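Notes for the structure review
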Amino acid sequence: MIPIAGTFDDIGACILLRSFILLFFLIPTIFSVDVMAVTDEKNIKQIKKTLDNIKKELARKTKKLKLLEKYKEEVRQYLPIAKACKEKASAQVVEAEAKIKALGEPVAGEAADISKSRKKIEKEKNDSSRVQGKCSVIELESNDYIKRINLYKQSLLAKEL
């Protein structure tokens, strides 16, 4: 067989193919700014702070029904936010896992940019998993506080009768 100039050996072809796959998945990421991730982090911190304040107020056992209703409505608005946040973070985890799978297992002699991209994608996956967990906690706490507020309101109304 006559060697043809410019032919790749199997390893070279594999690295070239992986580079094209990597570019295919990273082009949308490179040219988009994920403003929502920043907003989600700020929202998560603010919501958590508000829930902590409501928890403290509930511990004081206020007897003001209007205040309890205000707290319940405030907490109720966090449920769709937490759900959307959880869904978004879950989708980001799935997307990162697909990118990692497309890159395949690390190989000796792998291009530095592929290795760097793999680490970046792993970090994004871990960050998204962390956000997903925080949003799940907010959802659980919100549901719990709504139940606690309802029970506490019922006990206050029962005492008035």
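To start, this report covers the structure provided alongside it. Counting restarts for each chain: residues are numbered from 1 in the order of the written sequence. Note on the predicted model: pLDDT of at least 70 is required for a residue's local features to be given, and 80 or more for side-chain atom pairs to be given and counted; whole-chain, interface and lining totals, by contrast, use all residues. Hydrogens and water are ignored here; the side-chain numbers use all heavy atoms of the structure.

1. Topic: the nonpolar core
- By nonpolar core we mean a set of buried residues, namely Ala, Val, Leu, Ile, Met, Phe, Trp, Tyr and Cys, connected to one another through side-chain atoms within 4.5 Å. Throughout, exposure labels follow a simple rule: accessible area from a 1.4 Å probe, protein chains only, divided by the maximum for the residue type, with under 20% read as buried, over 50% as exposed, and the rest as partly exposed. One finds Ile 44, Leu 51, Leu 58, Leu 68, Val 75, Val 131 and Ile 138 to be the most contacted residues of the largest nonpolar core, which totals 21 residues.
- With 8 residues, helix α5 (residues 112-160) is the single largest residue contributor to this core.
- Every residue pair with non-hydrogen atoms within 4.5 Å of one another is taken to be in contact. In this view, Leu 58 contacts Leu 68, Tyr 145, Arg 148 and Ile 149; residues no more than four positions away in its chain are not counted.
- Counting 5 residues, the second-largest nonpolar core is a separate cluster that includes Ile 100, Leu 103, Ile 114 and Ile 121. Think of it this way: any DSSP run of H or I at least four residues long counts as a helix, any run of E at least two long counts as a strand, and we number them from the N terminus.

2. Points about the packing of helix α4 (residues 78-103) against α5
- Note on method: axes are straight lines fitted to C-alpha atoms, helices fitted across the in-contact stretch only, with angles between N-to-C directions ranging 0 to 180 degrees. Their axes nearest at 8 Å, the elements α4 and α5 cross at an angle of 155 degrees. Regarding the angle of α4 to α5, the classification is roughly antiparallel. Considering only the axes of α4 and α5, their crossing is left-handed.
- Across the contact of α4 with α5, the residue classes break down as 15 nonpolar, 8 polar and 8 charged. Orientation categories follow fixed angle ranges, with anything under 35 degrees roughly parallel, anything over 145 roughly antiparallel, 65 to 115 roughly perpendicular, and all other angles oblique. By definition, any crossing whose near helix is turned counterclockwise from its far helix by less than a right angle is left-handed, and any crossing with a clockwise turn is right-handed. Each residue gets one label: Ala, Val, Leu, Ile, Met, Phe, Trp, Tyr, Cys and Pro are nonpolar, Asp, Glu, Lys and Arg are charged, and the others, such as Gly, are polar.

3. Considering the environment of Lys 125
- Note on placement: Lys 125 falls in helix α5.
- Between the C-alpha atom of Lys 125 and that of Val 93, which follows or precedes it by 32 residues, the distance is 5.1 Å.

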